[in-house]
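Working through the structure, step by step
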Amino acid sequence: AANVAANVSLGVGVDQELISSVPSHNPTFVARNFTDAEIAYCRSQSSPPSSFAARWVGKEAVFKSLGVKSQGAAAAMKDIEILNDASGVPTVHLHGDAKAKASEKGISKVLISLSHSDTVAIAFAQASS
Amino acid sequence: AANVAANVSLGVGVDQELISSVPSHNPTFVARNFTDAEIAYCRSQSSPPSSFAARWVGKEAVFKSLGVKSQGAAAAMKDIEILNDASGVPTVHLHGDAKAKASEKGISKVLISLSHSDTVAIAFAQASS
Amino acid sequence: AANVAANVSLGVGVDQELISSVPSHNPTFVARNFTDAEIAYCRSQSSPPSSFAARWVGKEAVFKSLGVKSQGAAAAMKDIEILNDASGVPTVHLHGDAKAKASEKGISKVLISLSHSDTVAIAFAQASS
């Protein structure tokens, strides 16, 4: 049974936004939605607005991949943390409600990829057991 | 053998379109490509053109994930139905030729995610056994 | 053990570019980054710049899905070859360093999908064992 259950793909998520539409210049928005480690990373990049936007759509894509009812502004986006690992690969860490909901659904891993052009940020997430 | 064959990822599909390029104002286009349930859903949304465009690229992405030769306008897009489940998660239902082709290829599940900005709709699909 | 290891999803990759930002009119860029078979295919299409751009973002998406540290312009993009199979489905062939890195990580298959509108090319890749 363990074999059958291992690594079953349970959800996918895609999201995109105009970089200009993500209010990363607003300290309240940033403090509410990003962890300290995410903020430090985004501020260290050559274009912080692009990095914040990419992580923002990443969080939305992860949220969709979990297959839970969207709660819009009420969703705790800080519970979905995206940090780069030692190889520079963006890696999803779930906390709080997001972690509990993933656990309920048998999701143990969420893969993510992020991309931004000059104007648009896009993300893809895949959730599996 | 059953374990090995379970949930093997067999194809992925991505598609995008300008919302303005999907002729959802054209009743012939809509009746030909969307099921009654899809039409009812899209018309109930705040921006029906965005919803029709998102489902349209969703159908194209599913079609690509099935790995069959594209048939352009001849493809029966109505055979690929995308309806939201009780949690609001878009869910793929295959009918007719699409179902037969998926079956031939051993595909038993297609996951989908949809996104639209003000101007662009994008979709991602993953087909697995 | 073989069952558990089979078809584990190990990485995903998404990438996008404005078609106009991919210098496919530059013979040095093309010769350095595309194989002869890719060049022949792209030149046979109705819009070679769109086809080159789609394959270019496809290579970037595959590179991301391999989860290796990005090497920018130094990456051997020619080692990631995307050719259509008999059904017209884009299929990834890894060579050289890309093949070696995939092998180190236990990646045996990379699925890819490509899409382009009039202005933007986008790609999604999924790497699995």
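Please refer to the structure placed before this passage.
Everything numeric here is computed off the predicted structure, so don't read it as measured data.

Turning to the interface of chain B and chain A, a few remarks are in order. Of the residues lining the interface, 19 residues belong to chain B; the matching set on chain A comes to 19 residues. A combined buried area of about 1500 Å² lies between chain B and chain A, and 55% of that area is made up of carbon and sulfur atoms. The interface formed by chain B and chain A holds 0 salt bridges in total. Summed over the shared surface of chain B and chain A, the number is 7 residue pairs in polar contact (both at pLDDT 80 or more). Listed by contribution, the elements that provide at least two residues to the side of chain B that touches chain A are strand S4 (109-116) and strand S5 (120-128) of chain B. Here the side of chain B that touches chain A takes 7 residues from S4 of chain B, the largest share from any one element.

Now for empty space enclosed by the protein. All told, the structure shown has 3 cavities of 30 Å³ or more when counted by the stated rule. In this model, the second largest cavity occupies a volume close to 60 Å³. Around the second largest cavity, the lining residues are Asn7, Ser9 and Gln126 of chain A, Asn7, Ser9, Gln126 and Ser128 of chain B together with Asn7, Ser9, Gln126 and Ser128 of chain C. Listing elements by their share of the lining of the second largest cavity, those giving two or more residues are S5 of chain B together with strand S5 (120-128) of chain C. Tallied by class, residues from the lining of the second largest cavity come to no nonpolar, 11 polar and no charged.

The next point concerns the relation of the copies chain C and chain A. Superposition record for chain C on chain A: RMSD 0.0 Å, screw rotation 120 degrees, translation along axis 0.0 Å. Here the symmetry operator amounts to a three-fold rotation axis.

Let's shift gears to the packing of aromatic side chains. Applying the stated criterion to the full structure yields 15 aromatic pairs over all chains. Measuring from ring centre to ring centre gives 4.0 Å for Phe124 of chain A and Phe124 of chain C, while their planes differ by 65 degrees; the resulting arrangement is edge-to-face. Of this pair, Phe124 of chain A sits in strand S5 (residues 120-128) while Phe124 of chain C is found in strand S5, placing the two residues in two different chains. A single burial state applies to Phe124 of chain A and to Phe124 of chain C, both of which are buried. Site record: aromatic cluster; members linked through ring pairs are Phe29, Phe34, Phe52 and Trp56 of chain A.

A few words on the interface of chain C and chain A. On the chain A side, the residues contacting the 19 residues of chain C number 19 residues. Between chain C and chain A, the buried area comes to about 1500 Å², and carbon and sulfur atoms account for 56% of it. Of all residues in chain C, Val12, Val14 and Gln16 of chain C bury the most surface against chain A, accounting for 37% of the area lost on that side. Here chain C is connected to chain A by 0 salt bridges. Looking at the side of chain C that touches chain A, the elements with two or more residues in it are helix H1 (2-5), strand S1 (9-18) and S5 of chain C. Considering each element in turn, the side of chain C that touches chain A owes the most residues, 8 residues, to S1 of chain C. Looking at the side of chain C that touches chain A residue by residue, the class counts come to 8 nonpolar, 8 polar and 3 charged.

Residue and element names in this part refer to chain A. Mapped onto the secondary structure, Leu114 falls in strand S4 (residues 109-116). Judged by relative accessible area, which is 12%, Leu114 ranks as buried. In sequence terms Leu114 and Trp56 are 58 residues apart; their C-alpha atoms lie 9.8 Å from each other.

With that settled, consider the side chain of Glu81 of chain B. Residue and element names in this part refer to chain B. For Glu81, the location among the structural elements is in strand S2 (residues 80-84). There is no salt bridge for the buried Glu81, and the closest opposite charge comes from Lys59, which lies 7.3 Å off by N-O distance. In this structure the side chain of Glu81 is engaged in a polar contact, spanning 2.8 Å, whose partner is the side chain of His95. If we skip the residues at most four places from it in the chain, Glu81 touches Thr35, Ala37, Glu38, Thr91, Val92, His93 and His95.

On to the pairing of strand S3 (residues 90-94) of chain C. Residues and elements named next belong to chain C. Here S3 shows a clear split, with Pro90, Val92 and Leu94 buried on one side and none of Thr91 and His93 buried on the other. Pairing of strand S2 (residues 80-84) with S3, which is carried by 5 bridges, proceeds in the antiparallel orientation. When the sheet's bridge partners are listed, Leu83 is paired in S3 with Thr91. Here S2 folds back onto S3 in antiparallel fashion, the turn holding 5 residues, of which Gly88 has a positive phi close to 85 degrees.

Moving on to helix H4 (residues 48-66) of chain C. All names here are of chain C. Over its 19 residues, H4 extends 27 Å from the first C-alpha to the last, a length consistent with the 27 Å expected when each residue adds 1.5 Å. Where burial is concerned, most of H4 is hidden: 16 out of the 19 residues are buried. Looking at the residues trailing H4, positive phi occurs at Gly67, about 70 degrees.

Residues and elements named next belong to chain B. Between helix H3 (residues 36-44) and helix H4 (residues 48-66), the shortest axis-to-axis distance is 7 Å and the interhelical angle comes to 140 degrees. Between H3 and H4, the crossing angle belongs to the class labelled oblique. Remark: the crossing between H3 and H4 carries right-handed chirality. For the pair formed by H3 and H4, the contact residues are Glu38, Ile39, Tyr41, Cys42 and Arg43 on the first element and Pro48, Ser51, Phe52, Arg55 and Lys59 on the second. Across the contact of H3 with H4, the residue classes tally to 5 nonpolar, 1 polar and 4 charged.

Rules used in this analysis
Residues numbered from 1 in each chain as written. Chains lettered and ligands numbered in written order. Predicted model: local features only at pLDDT ≥ 70, side-chain atom pairs only at ≥ 80, totals over all residues. Heavy atoms only, no water. Contact = heavy atoms within 4.5 Å. Buried area = accessible area lost by both parts, 1.4 Å probe. Salt bridge = Lys/Arg side-chain N within 4 Å of Asp/Glu carboxyl O. Polar contact = N/O pair within 3.5 Å; in protein donor to acceptor, adjacent residues only side chain to side chain. Helix = DSSP H or I, 4+ residues; strand = E, 2+ residues; numbered from the N terminus. 1 Å grid on protein atoms, 1.4 Å probe; cavity = no way out; pocket = protein on both sides within 12 Å on 5 of 7 lines; lining within 4 Å. Points joined across faces, edges and corners; volume = space filled by probe spheres on them. Nonpolar A, V, L, I, M, F, W, Y, C, P; charged D, E, K, R; others polar. Least-squares fit on C-alpha atoms with pLDDT ≥ 70 in both. Phe/Tyr/Trp six-rings, centres within 6.5 Å; stacked < 30°, edge-to-face > 60°. Buried < 20%, exposed > 50% of the residue type's maximum accessible area, 1.4 Å probe, protein only. Lys, Arg positive; Asp, Glu negative; His and termini not counted. Pairing = 2+ DSSP bridges. Expected span 1.5 Å × (residues − 1). Axes fitted to C-alpha atoms, helices over the stretch in contact; angles between N-to-C directions. Parallel < 35°, antiparallel > 145°, perpendicular 65-115°, else oblique. Left-handed = near helix turned anticlockwise from the far one by under 90°.

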